[in-house]
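# Structural characterization, general
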Amino acid sequence: MSTDVSGMIECRPGARLWGPDDEDSVWQAAIDLFLLNRGNAYEGLACLFGIRNSFGFRPLAEGRGFPDDASEGLRGDFAAYSGPGDVYGTTWLTWAELADADWQETDASGTRSRDSAAGAGSDWGRVWSGMRLLSEVHGAENVRLVVWFY
């Protein structure tokens, strides 16, 4: 049985302008993952999110759940998948976390690096480019990718 990933990049434009605690600093839906990601290469899912992790990667963001402060656009997209009953592994990570990640870290065998599995040269590269661009405008902590699996 295969595993598919879905999700969305969100940003919080108001946080840069008014601070993250301001009532107008809410998350906004930015880019649907479907528009940027062409596949579900299991190495990438393993090293990023701990899904199908037979490789033994130390995941960057495993099992954090659906963010309480998710944008309305993301909530609607998630609901279209029937929510928690039909999806699993819901999690998220910010551009700041991605920028600080050790991309040379390897899986348990020491043969696959995080970079080779999900770095800029992989199908995830377009996602990272979009997040990087949004972070240049809104700040690294104010851009995140929320994903779920089905």
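The rules we used
Residues numbered from 1 in each chain as written. Predicted model: local features only at pLDDT ≥ 70, side-chain atom pairs only at ≥ 80, totals over all residues. Heavy atoms only, no water. pLDDT = per-residue confidence, 0-100. Helix = DSSP H or I, 4+ residues; strand = E, 2+ residues; numbered from the N terminus. Pairing = 2+ DSSP bridges. Axes fitted to C-alpha atoms, helices over the stretch in contact; angles between N-to-C directions. Contact = heavy atoms within 4.5 Å.

## Some remarks on the confidence of the model for the chain
Counting all residues, the mean pLDDT for the chain is 92, and 96% of those residues have values of 70 or more. The secondary structure element of the chain with the lowest average pLDDT is helix H1 (residues 13-18), at 83, and the one with the highest is helix H4 (residues 95-100), at 97.

## Points about the sheet that holds strand S3 (residues 88-94)
In spatial order, the strands read S2-S1-S4-S3; together these four strands make up an open sheet with antiparallel pairing. With partners counted over all chains shown, the strands left at the sheet margins are strand S2 (28-32) and S3, one partner each. Averaged over neighbouring strand pairs, the angle between their axes works out to 25° when direction is ignored. The pairing of S3 with strand S4 (residues 143-149) spans five bridges and is classified as antiparallel. When the sheet's bridge partners are listed, Trp 92 is paired in S4 with Val 146. Sheet strands in contact with helix H2 (residues 42-49) are strand S1 (5-11), S3 and S4, and its direction is about 120° off that of S4. Where helix H3 (residues 72-80) meets the sheet, it contacts S1, S2, S3 and S4, and its direction lies at approximately 170° from that of S1.

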